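# Tertiary structure, described
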Amino acid sequence: MAKKVKSSPSTPFFSAVKQALLDIQTNKSLHAVFGIGLLFISGFALLSSLSSLASWSSDYSAFEGGFSDILWDPNVQMANTFGKLGAAVGFYLTVKSFGWTFLLPLIWMLMLSLKWGFGLAFKVGTWLRRGLFWTLMLCMGTALLPWPLGDVVVGDLGHYLSFWSTQWLGTGGAWLAWSSLTLAHVVWLFKMTPQTWKRSTAPAPWDDESLQSEEVPEAKLSIPDEAAEELEWDLHAPETPETPPVPPAPIPTPEPAVEEEPSLELEEVEPIPVHSEALLEDASASKKGSLGTAFDPRADLSRYQFPKLSLLADFPAGNAKVDAEELEANKERIIETLRNYKIEIAKIKAAVGPTVTLYEIVPEAGIRISKIKSLEDDIALSLSALGIRIIAPIPGRGTIGIEVPNRSPQMVSMKAVLASEKFQNSTMDLPIALGKTISNEVFVADLAKMPHLLMAGATGQGKSVGLNALLASILYKKHPSEVKFVLVDPKKVELTLYNKIERHFLAKLPDTDDAIITDTTKVIHTLNSLCIEMDDRYDLLKDAMVRNIKEYNQKFTSRKLNPEEGHRYLPYIVLVIDEFADLIMTAGKEVETPIARLAQLARAIGIHLIIATQRPSVNVITGIIKANFPARIAFKVSAKIDSRTILDAGGAEQLIGKGDMLFSAGNDLIRLQCAFLDTPEVEEVCEFIGSQQAYPDAYALPEYSGEDGSSSGGGNYSADERDALFVDAARIVVQTQQGSASLLQRKLKLGYNRAGRLIDQLEDAGILGPFEGSKARQVLIQDEHHLMERLNGPTQ
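Residues numbered from 1 in each chain as written. Predicted model: local features only at pLDDT ≥ 70, side-chain atom pairs only at ≥ 80, totals over all residues. Heavy atoms only, no water.

### Concerning the overall build of the protein chain
Rules: Put simply, DSSP marks the helices as runs of H or I at least four residues long and the strands as runs of E at least two long, and each gets a number from the N terminus on. Three labels apply to residues, based on accessible area from a 1.4 Å probe with only protein chains included: buried if under 20% of the type maximum, exposed if over 50%, partly exposed otherwise in between. Contacts are assigned to residue pairs that have any heavy atoms within 4.5 Å of one another. Every accessible area reported is derived by Shrake-Rupley at a probe size of 1.4 Å, with residue values counting cover from the shown protein chains alone.
Counting its regular elements, the protein chain contains 28 helices and 16 strands. Counting only residues that meet the buried cut, the protein chain has 46% of its 796 residues in that class. Of the contacts made within the protein chain by residues no fewer than 6 positions apart, 68% connect residues no fewer than 24 positions apart. Approximately 40,600 Å² of the protein chain is accessible, and the part contributed by carbon and sulfur atoms is 57%.

Structure follows, in C-alpha cells:
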C-alpha cells in the first residue's frame, strides 16, 4: 500500500492564495495581464494626482461630506481632469496622505507594472525600501520648512511627522535628526567609508613624477635592466663590502653605481574594461548564426534572450591597489629574513593581484631552492601575514615566487569577469569564468576539456558561490538547446533558485515533480539513467561514425544524419552534485559506481561532472574518483592532509578564505580569487530566464527501473519459508510504525542475524519499504486490519 500522506496544516483560504500566486508566477500570460492592469491603476493614480495639484482648492470643499454622496450626486462637479474618481484618488493621495511625495510610491508601482507586463529589469525589493524611506523623509522635510505651504504639498503624513518630531525634539532637534538620517542613508547607499573619503583627497602613491615619468616610461618603481646586470656583476665580487640598503633610483643614470640590494619591480596590470551589454548580445547573436544554415537547434526558442549584465550587481571598481609603502616594506623584510640565513638575492619584483601579491626573486648562483622553501614559516613571521605560499621554482620563469596576502583584498565581481573580452570572445564549448589570477587577469576555462571538475574546501570558504559562478557563466554563454543541467542538492537549499529555469536548462527523470534532486533514491536512479543516456549516445556516435559529440552535432546540423533513424541533436549535460560526502555516507557504492563509470566514459558524448564536498577525506574522494577528475579546485582547508587529498599537493591550508582558491588542471597550480555572485543576483538571472518562452517540459532523461531492495540482500520468500515469529514481527512493526532490526531484537529478544532475516521477509511481503541508506525504512501498512488482510490474502 502507498504511504499515507499527512494533510497540510494550512487552511483552504491560504492554500487558494498560494495556488493563485503560483499560477501568476508560472502563467506568463496571466503575469502580463496583471502587469497591464497595474499599469492602468498606477498611471490613472499618477495623472489624477498631478491634476489635483492644480484643482485641489476648488474640489476641497466637496469632500467635506461622504464620498458616496459626491459620487452619486449629479449636481456636484469636479475641476479634476479625471472626474470624480480621479479627484477622490488625487485628494486622498495628496491632501490626506503624502502631499507632493505621492510621486515616489506611484512611480514605483509604475515600474513594477512594466516589470510584470513587459519584462523590465527592476529590483522590486530594493527600490521599495528606498522609495518608502525617501517618501517619509521628504514628507517630514517639507513640513519642517519655515514658510507656509498648502495641504496638497505637505499632506497629512507630513503634518503628522512634523508635529510629533517637533513635540519630542523641538524644531532644531527635528532638523538635526532629519539631516542625520538623510546623511546616514546616503553613506549607506553609496558604500562610503572614512577610508574612501581619505583616499579621494590624498594623492595616489604612484602619482609621483619620479615613479611615472613620461620621458622614462621604464621606471616603474624598479631598476632598469642595465643596472640589474651591473648589480649582479658587483654582487659576485668577493671584495665588495656589505653596505646598508640603498633606495632605488627613480631615473637610471649612465654613471656606474654599486647597489648592494635589488630594488622592487612593480608590474602594473592594465585594468579590464567593463564592456556594454551590446558586446554580450552581439557575441551571442554571432554564435547563433555559426551553428549552420540547414538545421538550427535554437529554432524552437528563436526569441530567447541571453541574460543581461545589468542583472548583476555593481561593486566598486576592482583594480588591485597596494600602496608603494606596503610593497617596499614587504620587500625589505623578505630580503632581511633571507639574509639572516645567508641567502643573497640578485633581483626581486612584484605583481599585484586582487587578493595576494606575488614577489618573484632571483637568488644568487649556488643557492639551493630547498633552503628557501624551508623558510616559509620564518618569512610569514617577519611579514606578520595570515599565511604565505612559496612556489619554488615558478614553472617556465626560472624564479622563485613568494605569495603574500594583501592588507586590503579587492572583491572580484562576477559582472566584471563576464564583461571581460576574454570571456566575451571565447569560443569554448562550455566556458566557465572562475575569477582573476594573482596577476589580475580574468581566468576562463573550458569544462568540456577538463572534462570533469572536483571542488572541495572547508565550510564557508566559497564553494556555494563558486558553484553559482560556474552555472552563471554557462547560462550567460549558452542557449537552452545547447546545454542541460542535472542538479543534485542533498542539503535542499543551495540550488533551489534554479527551479525557475526548469523548462529551459534542467533535465530530470520522467514523471518526476522536482527537477532539483534531493532524495537519495532518486539520485541513484538519476545517475543510472545518465549511464543509460551515455550508452544510447555512444550507439548514436557509432552509427554516425564519429568520435565525439562536437563532430556528431556538426554532422546532424549539416543534414547528414536522418532523424527517422533515431538521430537527434545532442545537448551537453552537466551533472552538478553538492555535498557529495552525504551521498557517499547514505548510498556508498550505489553512487560511487555510476559516477566512476560516467567519469571514465562520458567525456566524448558531452556529459560532464561537477562534484563539490566540504569533507575532503579519502573515504569520500576515493582513488577511483580522483583518477578521473584531473581538474580540481581547492578552497581553504584546515589541514595539509586535506590539501593533499584534493590536489595531491599542499598549499590549500595556507589560503586566506573568502573565495581564495587553487585550481589544478594537471601538474600546475594556479591561485585564483573566485568571482563573487550573491544570491539576489542569481535570483535575478533565473527570473529573467524563467520569464521567457520555454520548452513544454524539462529535458527528459531515460527511464530507469531499479530492483527494490537490491541493496538490502532480501530474496523472495514463500509462506512456508517465513520465520515462526514473522506475524509477531509484522504486528510490532505496524504498531510502532518503525522498521528496524534493532527494534525486533529488543522486542522479540532475537539475535541480529535472525532480526535481519525478518526485516528482509517483511520487505518481501510488502510491509516494509526498501533500504534507503541511513534513513529509516518506510512502513507501508498503517493498521493491523490491513495487515491481516495482507497476511491472509495469499493463503486463502
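### Some words on the environment of methionine 414
Within the fold, methionine 414 resides in helix α14 (residues 414-418). On the basis of relative accessibility, which here comes to 0%, the residue methionine 414 falls in the buried class. A C-alpha to C-alpha distance of 7.3 Å links methionine 414 and alanine 469, two positions 55 residues apart in sequence. Non-local contacts of methionine 414, meaning those with residues more than four positions away in its chain, are made with Leu312, Ala433, Ala469, Ser473, Ala675, Phe676 and Leu677.

### Details of the sheet that holds strand β14 (residues 660-664)
Filter applied, for reference: Strand pairing follows a simple DSSP-based rule, namely that at least 2 bridges must link the two strands. Fitted lines through C-alpha atoms give the axes, limited to the stretch in contact for helices. The angle between two N-to-C directions lies from 0 to 180 degrees.
Taken in spatial order, the nine strands of this open sheet run β7-β6-β15-β14-β13-β8-β12-β11-β9, and their pairing is mixed. Both edges of this open sheet fall to β7 (442-446) and β9 (483-488), since each of them pairs with a single strand only. Taken over all neighbouring pairs, the strand axes of this sheet differ in orientation by 30 degrees on average, direction set aside. Sheet topology places strand β8 (residues 453-456) next to strand β13 (residues 631-634); four bridges connect them, and they run parallel. Residue pairing across strands places methionine 455 opposite isoleucine 633, the latter belonging to β13. Taken strand by strand, helix α16 (residues 463-477) contacts β6 (431-437), β8, β9, β11 (572-577), β12 (607-613) and β15 (669-674), and its axis lies near 130 degrees from that of β6.

### Quick notes on unusual backbone geometry
Of the consecutive residues methionine 450 and proline 451, the connecting peptide bond is found in the cis state with omega at -5 degrees. Phi at glutamate 579 takes a positive value of approximately 55 degrees, unusual for a residue other than glycine. Examined against the element boundaries, glutamate 579 turns out to sit in the loop between β11 and α20 (580-587). Positive phi, normally seen in glycine, also occurs at glutamine 737, with a value near 55 degrees. Examined against the element boundaries, glutamine 737 turns out to sit in the loop between α25 (726-736) and α26 (741-748). In this structure glutamine 737 comes out as partly exposed when scored by relative accessible area, which is 33%.

### A closer look at helix α5 (residues 103-118)
This is how the line gets drawn: By this rule the span expected of a helix is its residue count minus one, scaled by 1.5 Å.
Taking 1.5 Å of rise per residue, the 16 residues of α5 would be expected to cover 22 Å, and the 21 Å separating its terminal C-alpha atoms lies within 8% of that figure. Taken as a whole, α5 has its buried residues at Leu106, Trp108, Leu112, Ser113 and Lys115.

### Points about a nonpolar patch on the surface
Counted only if it meets this: A patch is a set of surface residues, each over 30% in relative accessible area and not in a salt bridge, joined within 9 Å for like charges and within 5 Å for the nonpolar side chains Val, Leu, Ile, Met, Phe, Trp and Tyr. Just to be clear on terms, a salt bridge is a Lys or Arg side-chain nitrogen sitting within 4 Å of an Asp or Glu carboxyl oxygen.
On the surface, Tyr160, Phe163, Trp164, Trp168 and Leu169 cluster together into a nonpolar patch covering about 630 Å² of accessible area. When you line up the elements, tyrosine 160 lands in helix α7 (residues 151-189). Note on tyrosine 160: relative accessible area 52%, which makes it exposed.

### Quick notes on the pairing of β8
Burial along β8 is two-sided: the residues Leu453 and Met455 and Leu454 and Ala456 are all buried. Here four bridges tie β8 to β12, and the two strands are oriented parallel to one another. Looking at the pairing, leucine 453 lines up with isoleucine 610 of β12.

### Quick notes on the packing of helix α18 (residues 520-544) against helix α19 (residues 549-557)
The criterion, for reference: Note that the term roughly parallel is reserved for angles under 35 degrees, roughly antiparallel for angles over 145, roughly perpendicular for angles of 65 to 115, and oblique for everything else. The sense of a crossing depends on the near helix, which, turned anticlockwise from the far helix by less than a right angle, makes the crossing left-handed and, turned clockwise, makes it right-handed. Charged means Asp, Glu, Lys or Arg here, nonpolar means Ala, Val, Leu, Ile, Met, Phe, Trp, Tyr, Cys or Pro, and polar covers whatever is left, Gly included.
Packing of α18 against α19 leaves a shortest axis separation of 10 Å and a crossing angle of 60 degrees. With respect to their mutual orientation, α18 and α19 come out oblique. Read as a crossing pair, α18 and α19 show a hand that is left-handed. Contact residues: α18 offers Arg537, Leu540, Leu541 and Ala544, while α19 offers Ile549, Tyr552 and Lys555. In terms of residue class, the contact of α18 with α19 is built from five nonpolar, no polar and two charged.

### With respect to helix α6 (residues 124-143)
Over its 20 residues, α6 extends 28 Å from the first C-alpha to the last, a length consistent with the 28 Å expected when each residue adds 1.5 Å. For α6, the set of buried residues is Gly131, Thr135, Met137, Cys139, Met140, Gly141, Thr142 and Ala143.

### Observations concerning the packing of aromatic side chains
The geometry of two aromatic rings is summed up by the distance between their centres and the angle between their planes. Applicable threshold: Only centres within 6.5 Å qualify two rings of Phe, Tyr or Trp (six-membered ring in Trp) as a pair; their planes then separate them into stacked at under 30 degrees, edge-to-face at over 60, and tilted for everything else. By definition, being over a ring means that NZ of Lys or CZ of Arg is both within 6 Å of the ring centre and within 35 degrees of the ring normal.
Scanning the entire structure with this criterion turns up seven aromatic pairs. Aromatic pair phenylalanine 485 and phenylalanine 505: ring centres 6.2 Å apart, planes at 45 degrees, arrangement tilted. Of this pair, phenylalanine 485 sits in strand β9 while phenylalanine 505 sits in helix α17 (residues 502-505), placing them 20 residues apart in sequence. The same class applies to phenylalanine 485 as to phenylalanine 505, namely buried. A connected cluster of aromatic rings, assembled from ring pairs, spans Tyr304, Phe306, Phe485 and Phe505. Taking NZ or CZ as reference, lysine 477 lies 5.4 Å from the ring centre of phenylalanine 423, over its face.

### Observations concerning the side chain of serine 473
Note the following rule: In the analysis that follows, any N or O atom pair within 3.5 Å is treated as a polar contact, provided that within protein one partner can donate a hydrogen and the other can accept it, and provided that, for residues neighboring in sequence, both atoms belong to side chains.
Its place among the elements puts serine 473 in helix α16. At 2.7 Å, the side chain of serine 473 and the backbone oxygen of alanine 469 are in polar contact. When near neighbours in sequence (up to four residues on either side) are disregarded, serine 473 contacts Met414, Leu418, Phe423, Pro431, Ile432 and Ala433.

### What to know about the environment of glycine 606
By the secondary structure assignment, glycine 606 is in the loop between α21 (589-601) and β12. When the C-alpha atoms of glycine 606 and valine 483 are compared, they prove to be 9.2 Å apart, with 123 residues separating the residues in sequence. Here glycine 606 is in contact with Arg537, Ile549, Tyr572 and Ile573, once residues within four sequence places are set aside.

### Structural notes on the nonpolar core
Threshold: The term nonpolar core refers to a set of buried residues drawn from Ala, Val, Leu, Ile, Met, Phe, Trp, Tyr and Cys, joined through side-chain atoms within 4.5 Å.
The biggest cluster of nonpolar side chains holds 116 residues, and the ones touching the most others in it are Leu453 and Tyr498. In terms of residue count, the dominant contributor to this core is α18 (nine residues). Apart from residues lying up to four places away in sequence, tyrosine 498 is in contact with Asn468, Leu471, Leu475, Leu487, Leu506, Ile516, Val682 and Cys686. In this structure, Ile732, Leu744, Leu768 and Ile781 belong to the second largest nonpolar core, which totals 22 residues.

### Looking at the pattern of salt bridges
All told, the structure shown has 23 salt bridges when counted by the stated rule. A salt bridge links aspartate 728 to arginine 731; the shortest N-O distance between them is 3.9 Å. In this pair, aspartate 728 and arginine 731 both sit in helix α25, three residues apart, roughly one turn of the helix. One continuous salt-bridge network, built from bridges that share partners, spans Arg389, Glu403, Asp660 and Arg671.

### Structural notes on the confidence of the model for the protein chain
How we decide: The quantity called pLDDT is the predictor's confidence in a given residue, expressed from 0 to 100.
Looking at the protein chain as a whole, the pLDDT averages 76, with 76% of positions reaching at least 70. The low-confidence segment residues 707-715, where pLDDT is below 50, has 13 contacts with residues more than four positions distant or belonging to other chains.

### Quick look at the packing of α25 against α26
The interhelical angle for the contact between α25 and α26, taken along N-to-C directions, is 115 degrees, at an axis separation of 11 Å. Taken together, the axes of α25 and α26 lie roughly perpendicular to each other. The two elements α25 and α26 meet at a crossing, and its hand is right-handed. Between α25 and α26, the residues in contact are Asp728, Ala729, Ile732, Val733 and Thr736 and Leu743, Leu744, Lys747 and Leu748, respectively.

### What to know about the side chain of lysine 331
Assignment of secondary structure puts lysine 331 in helix α11 (residues 324-340). Side-chain polar atoms of lysine 331 contact the side chain of glutamate 332, separated by 3.2 Å.

### Comments concerning the environment of isoleucine 584
Following the sequence through the fold, isoleucine 584 ends up in helix α20. Taking the C-alpha atoms as reference, isoleucine 584 lies 6.4 Å from valine 620; in sequence the two are 36 residues apart. Ignoring anything within four residues of it in the chain, the contact list for isoleucine 584 reads Glu592, Asn619 and Val620.

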